[in-house]
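# Examining the three-dimensional arrangement
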Amino acid sequence: MARTTPQTHGEILAAAARRFAATGYRGTSLQDIATEVGCSKAAVLYHFANKEAILTELMAPAIEVLRSLDERIAEQPGPAAAQRVAAEGFVDLAVRFRSEIALLRGEFPELLQQPVFAHIQQISERLIDAFAGHSERASARITALVLLAGIAETCGQFADVPDQELSDALLALLLRALEQPAH
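Please read all numbers here as calculations on a predicted model, not as lab measurements.

### Section: the confidence of the model for the protein
- Averaged over every residue, the pLDDT of the protein is 88; the share at 70 or more is 94%.
- Below a pLDDT of 50 lies the segment residues 1–6, which in the model reaches five contacts outside its immediate sequence neighbourhood of four places, other chains included.

What follows is the structure, encoded as structure tokens:
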């Protein structure tokens, strides 16, 4: 039975996160979220202008950490230092926000096309550049992209692994892969 009182902002966000994780962003409607909460679609719209606003708020903490990482990378004196900061920072971000990353699995490239997330694409490109040691070599950039995507995917797949264990394993793998010379 649907509740008639307006739901809190947090309840709607939690329900949206569950629905996005279960059926994807595109596969979830505002009505699905309202049903999950037990309220009307109008109650959801009272708190959020649209579905994009819900996703934006869900992702805001992770995006802020990503922006901060981007700034720290830019401050580094050289490629090796930038690569190390990028590696450590991205692993930390991916582990810390693995539930948010899991919400977007399979839809991330499409979502990056939305104007509200346009800056994420630019940050991702700078992160790939840092992972590649600022090299223009195709092999370095391919390695960087595979590592970036692989870390994000892995965090979503291993939700039951303790944070520190996952972080240590990913960082060790990442640093080994980045040390390999291109052939």
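### Quick notes on the side chain of Asp70
- Its location among the elements puts Asp70 in helix 4 (residues 51–74).
- Note on Asp70: relative accessible area 14%, which makes it buried.
- Non-local contacts of Asp70, meaning those with residues more than four positions away in its chain, are made with Ile123 and Arg126.

### A word on helix 2 (residues 30–37)
- The complete set of buried residues in helix 2 reads Leu30, Ile33, Ala34 and Val37. Projected onto a plane normal to the axis of helix 2, the buried residues spread over an arc of 100° and lie on a single side.
- The elements touched by buried residues of helix 2 are helix 1 (9–23), helix 3 (41–47) and helix 4.
- Positioned one or two residues after helix 2, Gly38 has a phi angle of 90°, which is positive.

Definitions and cut-offs
- Residues numbered from 1 in each chain as written.
- Predicted model: local features only at pLDDT ≥ 70, side-chain atom pairs only at ≥ 80, totals over all residues.
- Heavy atoms only, no water.
- pLDDT = per-residue confidence, 0-100.
- Contact = heavy atoms within 4.5 Å.
- Helix = DSSP H or I, 4+ residues; strand = E, 2+ residues; numbered from the N terminus.
- Buried < 20%, exposed > 50% of the residue type's maximum accessible area, 1.4 Å probe, protein only.
- Arc of directions from axis to C-beta.

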